[in-house]
Amino acid sequence: MKNWIIVLLIFAVPLGVFAWLESNSSKSMAKETKVMSTKTVPTNGRGKMLKFSSPMCSDCKKVQTELVGVIPDYKDAVTFEEINVTDGTKASAAMVKDYKVTVVPTLIFVSKDGQIIHREEGFLTESEIRTHLDHIK
């Protein structure tokens, strides 16, 4: 009987705890997160897309290649801003903290009136980016 209790304590309990932690973390790391915020972002009357990225991030590089075809079509209606989260400046660190960025790439779409209307974490295709930009221009 003692052996089964030991086996239960050594294997079953940690596996249960691990499964519980995994289920909670998967809920918090959903790819798509809608953001409705009271925070306003200065936009000068234009839509704005904030791209938080890092030069060493492979998904950030993929998103950048998707943006190459998008930017020319939206440059008159939307301001594109890229924030390097690893450059070590106080300005980028403050923006990462203000926008609660924990994953790169993170794209934040801001309407003309400065309201954050959408936030995406991870890789996006050109068509997904265009869809979000159409809502803010």
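The following paragraphs examine the structure supplied in this document. Just so you know, these numbers come straight off a predicted model, no measurement behind them.

Quick notes on the rules
- Residues numbered from 1 in each chain as written.
- Predicted model: local features only at pLDDT ≥ 70, side-chain atom pairs only at ≥ 80, totals over all residues.
- Heavy atoms only, no water.
- Helix = DSSP H or I, 4+ residues; strand = E, 2+ residues; numbered from the N terminus.
- Salt bridge = Lys/Arg side-chain N within 4 Å of Asp/Glu carboxyl O.
- Buried < 20%, exposed > 50% of the residue type's maximum accessible area, 1.4 Å probe, protein only.
- Polar contact = N/O pair within 3.5 Å; in protein donor to acceptor, adjacent residues only side chain to side chain.
- Contact = heavy atoms within 4.5 Å.
- Pairing = 2+ DSSP bridges.

Looking at unusual backbone geometry
Step number 1: Each neighbour pair has its own omega, and for Val 104 with Pro 105 the value is -5°, a cis peptide bond.
Step number 2: By the element assignment, Pro 105 lies in the loop between α3 (90-98) and β4 (106-110).
Step number 3: A positive phi angle, near 55°, is found at Lys 100, a position not held by glycine.
Step number 4: Within the secondary structure, Lys 100 sits in the loop between α3 and β4.

What about the pattern of salt bridges?
Step number 1: Tallied over the entire structure, the rule returns six salt bridges.
Step number 2: The partner of Arg 130 in a salt bridge is Glu 126, and the shortest N-O contact between them spans 3.0 Å. Here Glu 126 and Arg 130 lie together in helix α4 (residues 126-136), a separation of four residues that amounts to about one turn.
Step number 3: According to the relative accessible area criterion, Glu 126 is partly exposed, its value standing at 27%.
Step number 4: A cluster of three or more residues bridged by salt bridges with shared partners is formed by Asp 73, Glu 126 and Arg 130.

Observations concerning the side chain of Lys 51
Step number 1: Its location among the elements puts Lys 51 in strand β2 (residues 47-53).
Step number 2: On the basis of relative accessible area, Lys 51 is assigned to the buried category, the value being 3%.
Step number 3: A polar atom in the side chain of Lys 51 sits 3.3 Å from the side chain of Glu 82.
Step number 4: Residues within four places of Lys 51 in sequence aside, it is in contact with Cys 60, Val 63, Gln 64, Leu 67, Glu 81, Glu 82, Ile 83, Thr 106 and Leu 107.

Details of the pairing of strand β5 (residues 116-121)
Step number 1: The element β5 is largely enclosed, with a buried count of five among its six residues.
Step number 2: Looking at chain direction, β4 and β5 are connected through five bridges and run antiparallel. Looking at the pairing, Phe 109 lines up with His 118 of β5.
Step number 3: Joining the antiparallel neighbours β4 and β5 is a turn of five residues, in which Gly 114 adopts a positive phi near 90°.

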